[in-house]
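A structural walkthrough
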Amino acid sequence: MTEPTKSETRLWTPNGFREDEWIQAESAEALAGNGRFILPLQAFLGLDPEVRKSARERIGVLLQPGDELDKIVGLLDQLSLVALAFPAFNDGRSFSKGELLRSRHHFEGAVRATGQVLVDQLPHMLRVGFDEFEISNPVLLKRLEEGRTGGLGLYYQPTAEAETKGPKYSWRRKRAG
């Protein structure tokens, strides 16, 4: 297998790599074509409510770290994917949004991480509820191809991931799977 190039981006899920059927679009005009489209927040909010409902399976939304999650909370039933951007490794606001989508708002669609998805962040993203990842980091691509996701086997914080019951210490959780 050839080494991944810096510009290569592949879609990974806990079930492995797969083809990405979603296209990032800049405006709602993309919906005139066939396919599934991830729209920026303002383009999604600007859609006619009937269009949002009828095209639910074809519409996703991209939230930047500064975008307010509350703007889509009442519209989650009209989305099958929420993409959360990680434009820089030191901006963790999208971690919180992912966790809130799963735990507080019970969003059952796909939660995708896009942008700077790095080796040490992946296990944490999985724990808080992300289930799709746009991976371009060459080291992470190589590790995932080898079946290595990393992470620690013992946690002290509850998360969106189901906990396994142990004999003692309700505050200590073992990694599922």
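These numbers come from a predicted model, not from an experiment.

**Remarks on the overall build of the protein**
Counting its regular elements, the protein contains six helices and ten strands. Here the protein holds 177 residues, and the buried ones make up 40% of them. By element, 51% of the accessible surface of the protein is carried by carbon and sulfur atoms, the whole surface being about 10100 Å².

**Here we look at the nonpolar core**
Counting residues in hydrophobic clusters, the biggest one holds 36 residues, and the most contacted among them are Phe 44, Ile 72, Leu 79, Val 82, Phe 130 and Phe 133. The contact partners of Leu 79, leaving out residues within four places of it in the chain, are Phe 44, Arg 56, Ile 59, Gly 60, Val 61, Ile 72 and Phe 107. Grouped together as the second largest cluster of nonpolar side chains are seven residues, Trp 22, Ile 38, Ala 85 and Ala 110 included.

**A closer look at helix H6 (residues 138–145)**
Along an α-helix, a turn takes 3.6 residues, which lines up residues three or four apart on a common side. Taken together, the buried positions of H6 are occupied by Leu 140, Leu 141 and Leu 144. Seen from one end, H6 has its buried residues packed into an arc of 105 degrees, which puts them on one side. For H6, the N-terminal cap is Asn 137; the gap from its side-chain oxygen to the backbone nitrogen of Val 139 is 3.0 Å.

**Some remarks on the packing of aromatic side chains**
Counting across every chain of the model gives four aromatic pairs. On the numbers, 5.6 Å between centres and 45 degrees between planes, the contact of Trp 12 with Phe 133 is tilted. One end of the pair, Trp 12, is in strand E1 (residues 10–13); the other, Phe 133, is in strand E8 (residues 132–135), with 121 residues separating them in the sequence. Both residues of the pair, Trp 12 and Phe 133, belong to the buried class. A ring pair is formed by Phe 86 and Phe 95, whose centres lie 5.2 Å apart and whose planes are at 75 degrees; its orientation type is edge-to-face. One aromatic cluster in this structure is built from Trp 12, Phe 86, Phe 95, Phe 130 and Phe 133. One residue, Arg 10, lies across the ring of Phe 17, its end atom 3.8 Å from the ring centre. The ring of Phe 44 carries Arg 52 above its face, with NZ or CZ at 5.4 Å from the centroid.

**With respect to the pattern of salt bridges**
Any two side chains of opposite charge can pair, given that their charged atoms come close. The tally for this structure, following the rule as stated, stands at twelve salt bridges. A salt bridge links Arg 102 to Asp 131; the shortest N-O distance between them is 2.9 Å. On the criterion of sequence distance, the pair formed by Arg 102 in helix H4 (residues 93–103) and Asp 131 in the loop between helix H5 (122–128) and E8 is long-range, its members being 29 residues apart. Ionic pairing is found between Glu 146 and Lys 142, a salt bridge with its closest N-O pair at 2.7 Å. One continuous salt-bridge network, built from bridges that share partners, spans Arg 18, Asp 20, Arg 112, Glu 132 and Glu 134.

**Regarding the environment of Phe 86**
Its location among the elements puts Phe 86 in strand E6 (residues 81–86). Relative accessible area serves as the criterion here: at 1%, Phe 86 is assigned to the buried category. Between the alpha carbons of Phe 86 and Gln 116 there is a distance of 5.2 Å; along the sequence they are 30 residues apart. Residues in contact with Phe 86, not counting those within four places in the same chain, are Asp 91, Ser 94, Phe 95, Ala 113, Thr 114, Gly 115, Gln 116, Met 125 and Phe 130.

Rules of the game
For every chain, the first residue of the written sequence is number 1, and numbering continues from 1 along that sequence. Given that this is a predicted model, residues contribute local features only at a pLDDT of at least 70 and side-chain atom pairs are listed and counted only at 80 or more, while totals for whole chains, interfaces and linings are drawn from all residues. Heavy atoms from the whole structure form the basis of all side-chain values; hydrogens and water molecules are not counted. Numbering goes from the N terminus for both helices and strands, where a helix is a DSSP run of H or I of at least four residues and a strand is a run of E of at least two. The classification of residues rests on relative accessible area computed with a 1.4 Å probe and restricted to protein chains. Under 20% of the type maximum is buried, over 50% is exposed, and intermediate values are partly exposed. The protein chains shown are the only cover counted for residues, whose accessible areas, like all others here, come from Shrake-Rupley with a 1.4 Å probe. Among buried residues, those of type Ala, Val, Leu, Ile, Met, Phe, Trp, Tyr and Cys that are joined through side-chain atoms within 4.5 Å constitute a nonpolar core. Here, two residues are considered to be in contact whenever any of their heavy atoms come within 4.5 Å of each other. The arc in question is formed by the directions pointing from the helix axis toward the C-beta atoms. Polar contact is the term for a pair of N or O atoms within 3.5 Å; when the atoms are in protein, one must be able to donate a hydrogen and the other to accept it, and sequence-neighboring residues count only if both atoms are side-chain atoms. Classification of ring pairs uses Phe, Tyr and Trp, with its six-membered ring standing for Trp, and accepts pairs whose centres are within 6.5 Å; under 30 degrees between planes counts as stacked, over 60 as edge-to-face, and the remaining range as tilted. Any Lys NZ or Arg CZ found within 6 Å of a ring centre and within 35 degrees of that ring's normal is scored as a charge over the ring. Here a salt bridge means any side-chain nitrogen of Lys or Arg lying within 4 Å of a carboxyl oxygen belonging to Asp or Glu.

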